[in-house]
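Coordinate analysis (summary)
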Amino acid sequence: MRYLSTRGHPDRRRFCEILLEGLAPDGGLYLPERYPQVDAATLAKWRGLSYAELAFEILSLYIDDIPPADLKAICAKTYTAEVFGTVEIVPLRELEDGVYLEALSNGPTLAFKDMAMQLLGNLFEYELARRGEELNILGATSGDTGSAAEYAMRGKKGVRVFMTSPDGRMSPFQQAQMFSLQDANIHNIAIAGVFDDCQDIVKAVSNDLAFKRKYKIGTVNSINWARLLAQVVYYFAGYFQATGGNDKQVSFTVPSGNFGNVCAGHVARTMGLPIRTLVVATNENDVLDEFFRTGVYRVRSAADTHETSSPSMDISKASNFERFVFDLVGRDAAKARGLFEDELGREGRFDLSKDPVFAQAATRFGFASSRSTHADRLSTIRDTDKRFATLIDTHTADGLKVAREHLVPGVPMIVLETALPIKFAETIVEALGHEPERPARFEGIEALPKRVVKLPADAEAVKAYIAQHCD
Ligand SMILES: *Cc1c(COP(=O)(O)O)cnc(C)c1O
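Just so you know, these numbers come straight off a predicted model, no measurement behind them. (Residues numbered from 1 in each chain as written. Predicted model: local features only at pLDDT ≥ 70, side-chain atom pairs only at ≥ 80, totals over all residues. Heavy atoms only, no water.)

**Focus on the overall build of the protein**
- Secondary structure assignment for the protein yields 20 helices and 15 strands.
- For 471 residues, the compact-globule estimate of 2.2 N^0.38 gives 23 Å, and the protein sits close to it at 21 Å.
- Counting only C-alpha atoms, the protein reaches 60 × 55 × 50 Å along its principal axes.
- When the 471 residues of the protein are sorted by exposure, 59% land in the buried category.
- By sequence separation, contacts in the protein at least 24 residues apart represent 75% of the contacts at least 6 residues apart.
- Summed over all atoms, the accessible surface of the protein reaches about 18,200 Å², with 50% contributed by carbon and sulfur. (Helix = DSSP H or I, 4+ residues; strand = E, 2+ residues; numbered from the N terminus. Rg over C-alpha atoms; globule rule 2.2 N^0.38 Å. Buried < 20%, exposed > 50% of the residue type's maximum accessible area, 1.4 Å probe, protein only. Contact = heavy atoms within 4.5 Å. Areas by Shrake-Rupley, 256 points an atom, 1.4 Å probe, with all protein chains shown as cover.)

**Considerations on the pairing of strand β6 (residues 159-166)**
- In terms of burial, β6 is a largely internal element, eight of the eight residues being buried.
- Residues Val 159, Val 161, Met 163 and Ser 165 line one face of β6 and the alternating positions Arg 160, Phe 162, Thr 164 and Pro 166 line the opposite face, and both faces are buried.
- Where strand β5 (residues 135-140) meets β6, six bridges bridge the pair, whose relative direction is parallel. Across the sheet, the residue bridging to Asn 136 is Arg 160, located in β6. (Pairing = 2+ DSSP bridges.)

**Here we look at the packing of aromatic side chains**
- Summed over the entire model, instances satisfying the criterion amount to 29 aromatic pairs.
- Summarising the aromatic geometry, the rings of Tyr 297 and Phe 340 are spaced 6.2 Å apart at their centres and angled 50° between planes, so their arrangement reads as tilted. Placement of Tyr 297 in strand β11 (residues 296-298) and of Phe 340 in helix α15 (residues 333-347) is noted, with a sequence separation of 43 residues between them.
- Using a relative accessible area of 2% as the deciding quantity, one classes Tyr 297 as buried.
- Among the residues examined, Phe 340 registers a relative accessible area of 9% and is labelled buried.
- For the ring pair Phe 340 and Phe 350, a centre distance of 5.2 Å and an interplane angle of 70° mean the geometry is edge-to-face. (Phe/Tyr/Trp six-rings, centres within 6.5 Å; stacked < 30°, edge-to-face > 60°.)

**Looking at the pattern of salt bridges**
- Tallied over the full model, the rule gives 34 salt bridges.
- Asp 383 serves as the salt-bridge partner of Arg 404, at 4.0 Å between the closest nitrogen and oxygen. With Arg 404 in the loop between α18 (394-403) and β14 (413-417) and Asp 383 in helix α17 (residues 374-388), this residue pair connects regions lying 21 residues apart in the sequence.
- For Asp 383, a relative accessible area of 23% translates into the label partly exposed.
- Residues joined by salt bridges that share partners form a network here, namely Asp 286, Glu 290, Arg 298, Arg 300, Asp 304 and Arg 371. (Salt bridge = Lys/Arg side-chain N within 4 Å of Asp/Glu carboxyl O.)

**A closer look at empty space enclosed by the protein**
- A full pass over the atoms with the stated rule returns one cavity of 30 Å³ or more.
- Looking at the largest cavity, its volume works out to about 30 Å³.
- What lines the largest cavity is simply Ser 5, His 9, Asp 11, Arg 13, Ala 24, Pro 25 and Tyr 30.
- For the lining of the largest cavity, the class distribution of residues is three nonpolar, two polar and two charged. (1 Å grid on protein atoms, 1.4 Å probe; cavity = no way out; pocket = protein on both sides within 12 Å on 5 of 7 lines; lining within 4 Å. Points joined across faces, edges and corners; volume = space filled by probe spheres on them. Nonpolar A, V, L, I, M, F, W, Y, C, P; charged D, E, K, R; others polar.)

**Some points on the sheet that holds β14**
- Taken in spatial order, the six strands line up as β3-β4-β14-β9-β10-β13 in an open sheet, and their pairing is mixed. Looking along the sheet, the strands with just one partner apiece sit at the ends: β3 (92-96) and β13 (367-371). Neighbouring strand axes in the sheet, compared pairwise and without regard to direction, differ in orientation by 25° on average.
- Sheet topology note: the strand β9 (residues 250-255)/β14 ladder contains three bridges and is parallel. Opposite Ser 251, over in β14, you have Met 413 as the bridge partner. (Axes fitted to C-alpha atoms, helices over the stretch in contact; angles between N-to-C directions.)

**Quick notes on helix α7 (residues 144-153)**
- Most of α7 is tucked away, with nine of its 10 residues classed as buried.
- Listing the buried residues of α7 in full gives Asp 144, Gly 146, Ser 147, Ala 148, Ala 149, Glu 150, Tyr 151, Ala 152 and Met 153.
- Phi turns positive, to about 75°, at Gly 155, one or two residues after α7.

What follows is the structure in structure tokens.
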């Protein structure tokens, strides 16, 4: 299996070559040259597998430069009941007739990013040891990504994490999750500024190529192909749990921001998993909903990006979207480049409404979408608590609200649960008047000693800190 760039760069790369990288050299995103196809007989064989075994089977179709026995061991070590709370890893429960919740949020940081990041941690450690190299991961977070990365990389050989976050702006629970880590290879950097300042610092440091090379700076952002690939697995696992036979179709509703999660659903569907519809659920930041309704993709300005109560979906542009558009335009790299480099760069938007391929987003690729608001989240959380005695988080509430607008009789609808309510306690209190339940292992974490350094919003200060802590 080789990987290409969505913008047409002539190089073809292998999995381990792109594992530690972000964008392709021409600014495109990596995708496999073709999607391996899975037929009914293969599905039947996979149906009885454990999650780790299923992950190995799917990953093997895309990774041919790690010996199978090693890849199998990495999957087995990653997807354990000990780390993810249950033997099923992603247990499915029926909420009401034909509507299911697939729990992706029982990992170490209680959000679905653990599903991919835990694998990434083990793949990074393996590959760095094989190369005899080290990597310093520099990131910016306002919550879920940073904590998932830290819990995945803590204690790993060859990896250090330098995670910037806006000082005082994460929820107390999220701060406590990150800052209570005492591992020597994890560095929390609280920046005197907002999230955009943190992102600007990461960009500035990464643009200093001499520094980047000398200190082996890397990232783990959502455009990483290995993260996306890891997420393909739980679409299959959800499908097997919701159906008793292979000819049956299901639909998924996916709370979406950067289009990473639902892009994995697109890959699963393209491989032949019988998915009828992939419903994209957005909050008030409805860049994606607008595209699937109108064919216009319009990046928002900072002023036009809303701070909502489902903050992990507060995006101004969807960084993985180019992958889907590349497939939508028939894998025409010149056309994808024209849209994302030329039109988007020049005008901040592109318009496929009059292009015949736009209709195929729904007809051929199975996409649909809707949006949800703060009031919708509150009423969905209340209703789900009252009627089903089930507490859901704000992102999952966006999903459930939207899912109900796309139900088809006889087709199970699986809503992906992307976080546990304790991470967004403030809104739960607003909806229900009481705090959500807290898993026992997080009792009292706010009182634990904190390991964090405060720095000004200045890339030079962050560089100096990294240099000091790299030996
Ligand atoms: C990251 C995140 C999302 C959005 O996922 P994308 O892959 O960016 O679409 C949704 N919900 C939660 C809780 C998240 O952490």
